[in-house]
Amino acid sequence: MHRKGTLPTTLDLFADDAPQPPATERIGPRSWVLRSFALPLIDRLLPALDSVLAQAPFRHMVTPGGHTMSAALSSCGSFGWITSPRGYAYSSIDPQTGQPWPAMPEVFFELAQQAADAAGFPGFVPDACLINRYIPGAKMSLHQDKDEQAYEWPVVSVSLGIPAMFLFGGLARNDATQRVPLFHGDVVVWGGEDRLRFHGVMPIKQAEHPQLGEQRINFTFRKAR
Ligand code: MD6
Ligand code: FE
């Protein structure tokens, strides 16, 4: 798309003939990475996130084993994910404020539903959205998402801010893991036979994002009940 007499601009990188990474990558039989899928909604997502966090600020939860998680957590929707000495659970009350969790913003819901639909799970109605914040050095150890009552629905995971290396394993803790780099706007959806696969996040590398600064924000949408 070079026009004679004009300098090439960065827009040329996105010209039709430039090599582009695939927009959708399959990482399991029913698991997909939807590249940049959240970007069309980003101008609505960020203010909605701020308003949720004003009502339910990030906090570092302590696992039943006594470890403080390096990622800070909040939630919105009917149910939030909490830790306690008795284990992990979904609760309709934020233990830090004694109030119900903030409602799930409409734009969050739209994004989760569109992504689930695109990945072959139409009709997804999430009732819980966990919000994780990672600063450089924070990580998430390999785990399964198994505190929900509705495994027939997928998990929809949205990455914003600085990049992460996501680890996607198998149904057994010791199964080999794939490394999947995730960038601002990418959405991962998995369900069906993949729903209980182990996964985690490697320690986040130092970086700065123009809109979000030195942090990665991850939303995971689930149907908890
Ligand atoms: C994260 N995500 O990406 C952590 N769980 O920050 C998760 O633990 C996760 O991304 C279930 C499904 C998708 C996820
Ligand atoms: Fe998880």
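Scroll up to find the structure.
Residues numbered from 1 in each chain as written. Chains lettered and ligands numbered in written order. Predicted model: local features only at pLDDT ≥ 70, side-chain atom pairs only at ≥ 80, totals over all residues. Heavy atoms only, no water.

Inspection of the region around ligand 1 gives 13 residues, with Tyr134, Asp145, Ser157, His199 and Arg216 positioned closest. The side chain of His143 places a nitrogen or oxygen atom 3.0 Å from an oxygen atom of ligand 1. Contact distances for ligand 1 include 2.7 Å between a nitrogen atom and a side-chain N or O atom of His199. For ligand 1, the accessible surface in isolation is 340 Å², of which the surrounding protein chains cover 98%. Put simply, the parts of the chain that give the shell around ligand 1 at least two residues each are β8 (155-161), β12 (199-201) and β13 (216-222). Per element, the largest residue contribution to the shell around ligand 1 is four residues, and it comes from β13. Looking at the shell around ligand 1 residue by residue, the class counts come to five nonpolar, five polar and three charged. (Near = heavy atom within 4 Å. Polar contact = N/O pair within 3.5 Å; in protein donor to acceptor, adjacent residues only side chain to side chain. Areas by Shrake-Rupley, 256 points an atom, 1.4 Å probe, with all protein chains shown as cover. Helix = DSSP H or I, 4+ residues; strand = E, 2+ residues; numbered from the N terminus. Nonpolar A, V, L, I, M, F, W, Y, C, P; charged D, E, K, R; others polar.)

Glancing now at the side chain of Ser157. One can find Ser157 in strand β8. Other than its neighbours up to four places away in sequence, Ser157 contacts Asp186, Val187, Val188, Asn218, Phe219 and Thr220. (Contact = heavy atoms within 4.5 Å.)

The subject of this paragraph is the coordination of the iron ion (ligand 2). With distances of 2.1 to 2.2 Å, the protein atoms coordinating the iron ion (ligand 2) are His143 (NE2), Asp145 (OD) and His199 (NE2). The class for His143 is partly exposed, based on a relative accessible area of 24%. (Donors = N, O, S within 2.8 Å, 3.2 Å for Na, K, Ca; no water. Buried < 20%, exposed > 50% of the residue type's maximum accessible area, 1.4 Å probe, protein only.)

So, on to the sheet that holds β12. Spatial ordering of the open sheet is given by β7-β12-β9-β10, a layout of four strands whose pairing is antiparallel. With one partner strand each, in any of the chains shown, β7 (140-143) and β10 (178-182) form the two edges of the open sheet. Strand-to-strand twist in this sheet, taken as the mean axis angle between neighbours without regard to direction, amounts to 20°. Of the strand pairs in this sheet, strand β9 (residues 164-168) and β10 are connected by five bridges, and their pairing is antiparallel. Residue Ala164 lies in a different strand from β10, and its bridge partner there is Leu182. (Pairing = 2+ DSSP bridges. Axes fitted to C-alpha atoms, helices over the stretch in contact; angles between N-to-C directions.)

Here the focus is the sheet that holds β8. Overall, antiparallel pairing links the seven strands, which are arranged β1-β2-β11-β8-β13-β6-β3 in an open sheet. Two strands lie at the open edges of the sheet, namely β1 (24-28) and β3 (72-77), each paired on one side alone. Across the sheet, the mean angle separating the axes of adjacent strands is 20° when strand polarity is ignored. Each of β2 (31-34), β3, β6 (128-134), β8, β11 (187-190) and β13 touches helix α2 (residues 106-118); the most contacted strand, β8, lies at about 120° to it.

Right, let's get into the side chain of Ser75. In this structure, Ser75 sits in strand β3. Exposure remark for Ser75: the relative accessible area of 0% places this residue in the buried category. A polar atom in the side chain of Ser75 sits 3.3 Å from the backbone nitrogen of Trp81. Look past the residues within four positions of Ser75 in its chain and what remains in contact with it is Val52, Ala56, Gly80, Trp81, Trp101, Pro102, Cys129, Leu130 and Ile131.

Right, let's talk about the packing of aromatic side chains for a bit. Here the structure, examined in full by the defined rule, presents eight aromatic pairs. With 5.0 Å between their ring centres and 20° between their planes, Trp81 and Tyr88 make a pair best called stacked. The exposure class of Tyr88 is partly exposed, given its relative accessible area of 39%. Ring geometry for Phe166 against Trp190: centres 5.7 Å apart, planes inclined by 35°, an arrangement best described as tilted. With Phe166 in strand β9 and Trp190 in strand β11, this pair connects stretches of sequence that are 24 residues apart. On the accessibility criterion, Phe166 (6% relative accessible area) is buried. Three or more aromatic residues joined by ring pairs form one cluster here, namely Phe108, Phe219 and Phe221. The ring of Tyr134 carries Arg216 above its face, with NZ or CZ at 5.1 Å from the centroid. Residue placement shows Arg225 over the ring face of Phe79; its charged tip is 4.3 Å from the ring centre. (Phe/Tyr/Trp six-rings, centres within 6.5 Å; stacked < 30°, edge-to-face > 60°. Lys NZ or Arg CZ within 6 Å of the ring centre and 35° of its normal.)

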